[in-house]
Amino acid sequence: MSEDWLTGPVLEQLNSGVLVVDEQLQLVYLNSFLQRHSSVQLSDVKGKSLFQVFTDVPEAWLRRKFASVLELQSPSFSSWEQRQYIIKLPHLRPVTSSSQYMAQNCTMLPLKDPAGRRYVCLLIEDATDAFVYQQHLQTTLQKLELSNRIDGLTQALNRRYWEEQLKLEVQRAQRYQQPLSLLLFDLDKFKQLNDQYGHLGGDCVLIELTARVRVLLRDTDWFGRYGGEEFGIVLTNTALAGALEVAERVCLAVNSTAVTFHDQSIATSVSIGVAQLDAVGDRAHEVLIGQADIALYNAKRDGRNRVVVFSAGETEFLLKAN
Amino acid sequence: MSTVFSEEQRDCLQELINVAMGLASDKLARFLNTFVHLQVPAIELVNSAQIPAQFEARYSNTEAALVSQGFLGNDGLRGEAIVLYQLDNAHRIAALLGYDTDSASELEMLTDISSILTTTFLNGLADQIDNSLSYSAPRVLSSRQNNVSEALQETAFHWELALKVDISYQLVDHSFNCDMLLLIPGEAVLNIQKILERILEEY
């Protein structure tokens, strides 16, 4: 063919790696791309074993791949998604990428020379761009997942996620027969506070309250915003006495120091209802919420800024007064 | 859909596939160092819209893998080969291929198995019609976590015709069953018909 002269220059300028080994897996050819990236000269390594020249390739795995290509005379593949690289090479975006080595899509092809001798050609394509985009995507998805769980204003868990966690913790407590308690609390006279200081003042109090409560909790507790000014805390592996202690501390932390908003001091307090899980069955978490809610209502009725524990006799709400 | 091919063309295609299977099993047997018996594969032309329903029953209650690999040859021969098989089956084949569980990820193992099955079979097919094929890298469409019929639905609808090849590999100690689907776009079907016509004329 008259276009034979093309193959050499194209192979040399190709932006992919081309490597050829014979049946003994000795190097026959490396194109410029590979020679430059790996700082190896073809003339120095020709005839040497692939594994002697590239010492960190996964030898057993690659031998198996090459054996299947030679025996079956059909191609074999490797994707960066499963194996980031076969031959460790630097890539050309060292600044913008978080990965140190070139991510590679590899194809292993069977070749025969005119005399019928068998070879394997390893094609290495740079997939670093795809790798980097994939990592960005993962990070973004993680952020998205987080923002999907969090209440934007207070940074406490949002209601949907908090309720999911409550449900799971209730199931876990039932399975392992561990105690579990729930606090539901409500900022006292929040409407009045909003009227007096504006909604920004109200928001400021909610943010400050959340911050003060959070430091009182363990990593294993779940703190969420249940409604406008209502919050819930799931206390795992905690019986009533412990829950009561936490509740008293929350009450004190909110009431002891006024919140400062635009040089004004806003005195504030919370009412807290406490209940320990005793219900069984699929709806146990709902029963628990109902019990803590009744206790919370009683705390409001008894004069606010206090903690009330649910007692089994209380089964229904009286007229709710805020 | 069977009207797409004449009866003669169908027989011819079945014969080509039988021979391709024979070649593939011979190669596999030598590679795996074990006796491989291949049953005569049943072929069926199906409307691609019916595919998800056809496979749902077989794979819905089991962990299955679905791996796709594109192929491209001369004379406008092209399409996508999809291999479906049960995962517990795959682990037995993986052991034969020399995989131990820690040196390679499951996805890597699945793509390797599918690629070997697909390319040995399709190369055998191509050889007989003086064609040669190149392949895209295999891609796992679904494994244990995803729903097989959903994945099929997303893939199959892009194609006008599907050639369903039911392959059953019987190895000495155990059997390995899988389904192979050759999804072929409309104009490539016409090209296959031309190829079949040419072969029939030569006889």
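Cut-offs used in this document
Residues numbered from 1 in each chain as written. Chains lettered and ligands numbered in written order. Predicted model: local features only at pLDDT ≥ 70, side-chain atom pairs only at ≥ 80, totals over all residues. Helix = DSSP H or I, 4+ residues; strand = E, 2+ residues; numbered from the N terminus. Buried ≥ 20, exposed ≤ 12 C-beta atoms within 10 Å, placed from the backbone. Contact = placed C-beta atoms within 7 Å. Expected span 1.5 Å × (residues − 1). Arc of directions from axis to C-beta. Pairing = 2+ DSSP bridges. Nonpolar A, V, L, I, M, F, W, Y, C, P; charged D, E, K, R; others polar. Axes fitted to C-alpha atoms, helices over the stretch in contact; angles between N-to-C directions. Parallel < 35°, antiparallel > 145°, perpendicular 65-115°, else oblique. Core = buried A, V, L, I, M, F, W, Y, C linked by C-beta atoms within 7 Å. Left-handed = near helix turned anticlockwise from the far one by under 90°. pLDDT = per-residue confidence, 0-100.

1. Topic: the overall build of chain B
- Helix and strand counts for chain B come out as six helices and eight strands.
- In sequence order, chain B lays out its α and β elements as α-β-β-α-β-β-α-α-β-β-α-β-β-α.
- Counting the 203 residues in chain B, one finds 40% classified as buried.
- Sequence separation of at least 24 residues holds for 75% of the intrachain contacts in chain B that already meet a minimum separation of 6.

2. Notes on the overall build of chain A
- Scanning chain A from terminus to terminus reveals ten helices and twelve strands.
- Per-residue burial over chain A gives 34% buried out of 322 residues.
- For chain A, the proportion of contacts with a sequence separation of at least 24, taken over those separated by at least 6, is 58%.

3. Overview of helix 6 (residues 128-147) of chain A
- If you check helix 6 of chain A, its first and last C-alpha atoms are 29 Å apart, about what 20 residues at 1.5 Å a residue would give, namely 28 Å.
- Among the 20 residues that make up helix 6 of chain A, two are buried, leaving the element largely open to the surroundings.

4. Concerning helix 2 (residues 51-59) of chain B
All names here are of chain B.
- Those residues of helix 2 not exposed but buried are Ile51, Phe55 and Tyr59. The arc enclosing the buried residues of helix 2, seen along the axis, measures out at 30 degrees, which places them on a common side. Exposed and facing more than 90 degrees away from the buried side of helix 2 are Ala53 and Ala57.

5. Some thoughts on the pairing of strand 1 (residues 17-22) of chain A
All names here are of chain A.
- Only one face of strand 1 is buried: it carries Gly17, Leu19 and Val21, and the other face, with Val18, Val20 and Asp22, is open.
- Across three bridges, strand 1 lies against strand 2 (residues 27-30) in antiparallel orientation. Within strand 2, the position partnered with Leu19 by the bridge is Leu30.

6. Observations concerning the interface of chain B and chain A
- With 18 residues of chain B at the contact, the number on the chain A side is 16 residues.
- Counting residues per element, the ones that place at least two in the side of chain B that touches chain A are helix 1 (7-32) and helix 4 (106-128) of chain B.
- Of the residues forming the side of chain B that touches chain A, the biggest block, eight residues, is contributed by helix 4 of chain B.
- Looking at the side of chain B that touches chain A residue by residue, the class counts come to seven nonpolar, eight polar and three charged.

7. Here we look at the sheet that holds strand 1 of chain A
Residue and element names in this part refer to chain A.
- As summarised here, the arrangement of the five strands in space is 2-1-5-4-3, forming an open sheet in which the pairing is antiparallel. On the outer flanks of this sheet lie strand 2 and strand 3 (76-78), each paired with one strand and no other. Across the sheet, the mean angle from the axis of one strand to that of its neighbour is 20 degrees, orientation sign disregarded.

8. What to know about the environment of A:Asp219
All names here are of chain A.
- Relative to the helices and strands, Asp219 is located in the loop between helix 8 (190-214) and strand 7 (222-225).
- Of the residues examined, Asp219 has 5 C-beta atoms within 10 Å and is grouped as exposed.
- C-alpha of Asp219 to C-alpha of Thr236: the two residues are 17 residues apart in sequence and 10.0 Å apart in space.

9. A closer look at the packing of helix 7 (residues 159-176) of chain A against helix 10 (residues 284-301) of chain A
Residues and elements named next belong to chain A.
- Orientation of helix 7 relative to helix 10, taken along the N-to-C sense of each, is 110 degrees, at an axis distance of 9 Å. With respect to their mutual orientation, helix 7 and helix 10 come out roughly perpendicular. Contacts from Leu166, Lys167, Val170 and Gln174 in helix 7 reach Ala284, His285 and Leu288 in helix 10.
- Here the residues of the contact of helix 7 with helix 10 sort into four nonpolar, two polar and one charged.

10. Some words on the sheet that holds strand 6 (residues 180-187) of chain A
All names here are of chain A.
- Across the sheet, five strands lie side by side as 7-8-6-11-12; this open sheet has mixed pairing. Two strands close off the open sheet at either side, each with one partner strand: strand 7 and strand 12 (307-309). With direction set aside, neighbouring strand axes in the sheet form an average angle of 20 degrees.
- Of the pairings in the sheet, the one linking strand 11 (residues 270-276) to strand 12 comprises three bridges and is parallel in character.

11. Topic: the nonpolar core
- The biggest cluster of nonpolar side chains holds 80 residues, and the ones touching the most others in it are B:Ala65, B:Leu66, B:Val83, B:Leu84, B:Met180 and B:Leu182.
- The greatest single-element share of this core, amounting to eight residues, is contributed by helix 4 of chain B.
- Judged by nonpolar contacts, the second largest core, of 46 residues, contains A:Leu193, A:Val213, A:Val259 and A:Ile272.

12. A look at the environment of A:Leu30
Residue and element names in this part refer to chain A.
- Counting through the fold element by element, Leu30 comes out in strand 2.
- In the structure, Leu30 is positioned eleven residues away from Gln41 in sequence and 8.4 Å away in space, judged by C-alpha atoms.
- When neighbours within four sequence positions are excluded, Leu30 is seen to be in contact with Leu19, Gln35, Val40 and Leu42.

13. What about the packing of helix 5 (residues 59-72) of chain A against helix 1 of chain B?
- Contact geometry for helix 5 of chain A and helix 1 of chain B: axes closest at 10 Å, N-to-C directions at 140 degrees. Considering the angle they form, helix 5 of chain A stands oblique to helix 1 of chain B. Considering only the axes of helix 5 of chain A and helix 1 of chain B, their crossing is right-handed. Contact with helix 5 of chain A, carried on its side by A:Ser68, A:Glu71 and A:Leu72, involves B:Lys27, B:Arg30 and B:Phe31 of helix 1 of chain B and no other residues of that element.

14. Brief notes about the confidence of the model for chain B
Residues and elements named next belong to chain B.
- Considering every residue of chain B, the mean pLDDT works out to 80; 87% of them sit at 70 or more.
- When mean pLDDT is compared element by element in chain B, strand 5 (residues 133-135) scores highest at 93, while helix 5 (residues 148-156) scores lowest at 69.
- Scored by ipTM, the complex comes to 0.80, with pTM at 0.69.

15. Quick notes on unusual backbone geometry
Residues and elements named next belong to chain A.
- For Leu25, which is not a glycine, the phi torsion comes out positive at approximately 60 degrees.
- Positionally, Leu25 belongs in the loop between strand 1 and strand 2.
- For Leu25, a count of 17 C-beta atoms within 10 Å corresponds to the partly exposed category.
- A positive phi angle, near 50 degrees, is found at His262, a position not held by glycine.
- Structurally, His262 is set in the loop between strand 9 (259-261) and strand 10 (264-266).

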